[in-house]
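Residue-level structural notes
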Amino acid sequence: MSLNEVVITKAIIERFSQKFLEYTEVDTAIVGAGPSGLVAAYFLAKAGRKVAIFERKLSIGGGMWGGGMMFNEIVVQEEGKEILDMFDIGTREYEPGYYTADAVESVTTICSNAMKAGAKVFNCMSVEDVIIREGRVTGLVVIWSPVEMAGLHVDPLSISAKHVIDATGHATEVLHVIERKADVVLNTKTGKIMGERSMWADKAERLTIENTKEICPGVFVSGMAANAAFGGPRMGPVFGGMLLSGKKVAELIISAG
Ligand code: 48F
């Protein structure tokens, strides 16, 4: 059988359109395919929730993909290792309490498990706005990242979600939009994004989990975005807190109904 380029084209357009159409209404929309977003997607999808992840970049993995300074190894502590073990990701003890794992194996395996559980990833899509009704975020406004990068004047499309997770890392992008455009008070001491503090791995790892919570009606914050929102420090390439934050945010959303 000879291949026909137009059949290939139609297959891609039709299948992608069906997928995107199906995910215009989801239970949870996750912004950012970094470690916390991917782990959250896995646990939510496994619990039967309809989950879409919107990721600005072509690649998944956020800040985990490149390990520390592009040395593509990550470090996890005992509690974080339990999540890597659950996904059957290889780890090696470096010193007592410190384990290393291959950054690429970690990202690809977690993402693969999330997708096999039913989550869908929409890469190359940037979230540029939210939909708010009566003080509650009820959806996201998305645009192709290349449109955003080129500064083209093209209107975006919208999707609805019962819950949104801001898993955008240091940038805390969803919360910045909410703060800028809506009269919504965030669940922080100041009612606003408090901003991330300088590196302190030990404290930051603990706070990442503590700061993972619902920050305003309909929006949960996970991973580095949680610390940035609540004024916690950064932690660098130790990733246990990110993995555990992803698990915690999924559990919170599942128990929220
Ligand atoms: O930064 P990122 O990996 O988030 P995370 O899960 O993990 C943080 C760590 O990687 C690291 C760290 C821990 O040691 O401090 O930084 O909290 O992934 C965030 C993802 O969100 C995407 C971005 O491209 C990245 O892949 N992103 C950010 N803003 C948007 C977005 C947006 N507006 N729309 C879509 N994706």
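The following refers to the structure shown. Worth saying up front: this structure is predicted, and the values here are computed from it rather than measured.

With that settled, consider the site of the ligand. The local shell around the ligand holds 27 residues, among which E55, G63, E173, M224 and G236 are the closest. Interatomic distance of 3.4 Å between a backbone N/O atom of P35 and an oxygen atom of the ligand. Within the side chain of H170, a nitrogen or oxygen atom sits 3.2 Å from an oxygen atom of the ligand. For the ligand, the protein covers 93% of the area, taking 730 Å² as the surface of the free molecule. Applying the majority rule of atoms within 2 Å of the grid points places the ligand in the largest pocket. Going through the elements one at a time, α2 (35-46), β2 (51-55) and β7 (125-133) are the ones with two or more residues in the shell around the ligand. It is β7 that provides the largest number of residues to the shell around the ligand, a total of 3 residues. Broken down by class, the residue content of the shell around the ligand amounts to 12 nonpolar, 11 polar and 4 charged.

Counted under the stated rule, the structure contains 8 salt bridges. Ionic pairing is found between R56 and E173, a salt bridge with its closest N-O pair at 2.8 Å. Linking R56 in the loop between β2 and β3 (73-76) with E173 in helix α6 (residues 173-181), this pair joins segments that are 117 residues apart in sequence. The exposure class of E173 is partly exposed, given its relative accessible area of 26%. Through salt bridges with shared partners, a single ionic network connects R56, E148 and E173.

Our focus in this paragraph is the nonpolar core. Counting residues in each nonpolar core, the largest one holds 42 residues, and the members touching the most others are I30, I74, I110, I165 and L243. Of all the secondary-structure elements, those providing two or more residues to this core are α2, β2, β3, α3 (78-86), β5 (98-102), α4 (103-116) and α9 (240-256). Take this core: its biggest share by element is 8 residues, from α2. Once residues lying within four places of it in the same chain are set aside, the contact partners of I30 are G37, A40, A41, L44, V51, A52, I53, F54, I165 and A167. One finds M125, V130, L186 and I193 within the second-largest nonpolar core, a separate group that totals 33 residues.

On the surface, E78, E79, E82, E93 and E95 cluster together into a negatively charged patch. Mapped onto the negative patch, the elements with two or more residues apiece are α3 and β4 (92-95). Ranked by the residues each element gives to the negative patch, the list is headed by α3, at 3 residues. As for its position among the elements, E95 is in strand β4. Among the residues examined, E95 registers a relative accessible area of 44% and is labelled partly exposed.

Procedures and definitions
- The residue numbers shown here count from 1 along each chain, following its written sequence.
- Thresholds applied to this predicted model are a pLDDT of at least 70 for local features of residues and 80 or more for the giving and counting of side-chain atom pairs; totals over whole chains, interfaces and linings are not thresholded and use all residues.
- Side-chain metrics rest on all non-hydrogen atoms present in the structure, leaving aside hydrogens and water.
- If even one non-hydrogen atom of a residue comes within 4 Å of a molecule or strand, that residue is called near it.
- Throughout this description, a polar contact denotes any pair of N or O atoms lying within 3.5 Å of each other; where both atoms belong to protein, one of them has to be capable of donating a hydrogen while the other can accept it, and for residues adjacent in sequence the pair is counted only when both atoms sit in side chains.
- Methods summary: accessible areas were calculated by the Shrake-Rupley approach with a probe of 1.4 Å, and residue burial reflects only the protein chains presented.
- Every definition here rests on a 1 Å grid over the protein atoms only: cavities are sets of points where a 1.4 Å probe fits but cannot get out, pockets are open sets enclosed by protein on both sides within 12 Å along at least five of seven lines, and lining residues have some atom within 4 Å of a point.
- Each molecule is assigned to a cavity or pocket provided more than half of its atoms lie within 2 Å of the corresponding grid points.
- Helix and strand definitions follow DSSP, with helices as H or I runs of at least four residues and strands as E runs of at least two, each counted in order from the N terminus.
- Polar here means any residue outside two lists: the nonpolar Ala, Val, Leu, Ile, Met, Phe, Trp, Tyr, Cys and Pro, and the charged Asp, Glu, Lys and Arg; Gly therefore counts as polar.
- Criterion for a salt bridge: a side-chain nitrogen of Lys or Arg within 4 Å of a carboxyl oxygen of Asp or Glu.
- With a 1.4 Å probe rolled over the protein chains alone, any residue whose accessible area is under 20% of its type maximum counts as buried; one over 50% counts as exposed, and the rest are partly exposed.
- Side-chain atoms within 4.5 Å are what join buried Ala, Val, Leu, Ile, Met, Phe, Trp, Tyr and Cys residues into a set we call a nonpolar core.
- Only heavy atoms matter for contacts: two residues are in contact if any of them lie within 4.5 Å across the pair.
- For patches, a residue must show more than 30% relative accessible area and have no salt bridge; joins then use 9 Å for like charges and 5 Å for nonpolar side chains, namely Val, Leu, Ile, Met, Phe, Trp and Tyr.
- Positive residues here are Lys and Arg, negative ones are Asp and Glu, while His and the chain termini are left out of the count.
- Charge coordinates come from a single atom per side chain, which is NZ of Lys, CZ of Arg, CG of Asp or CD of Glu.

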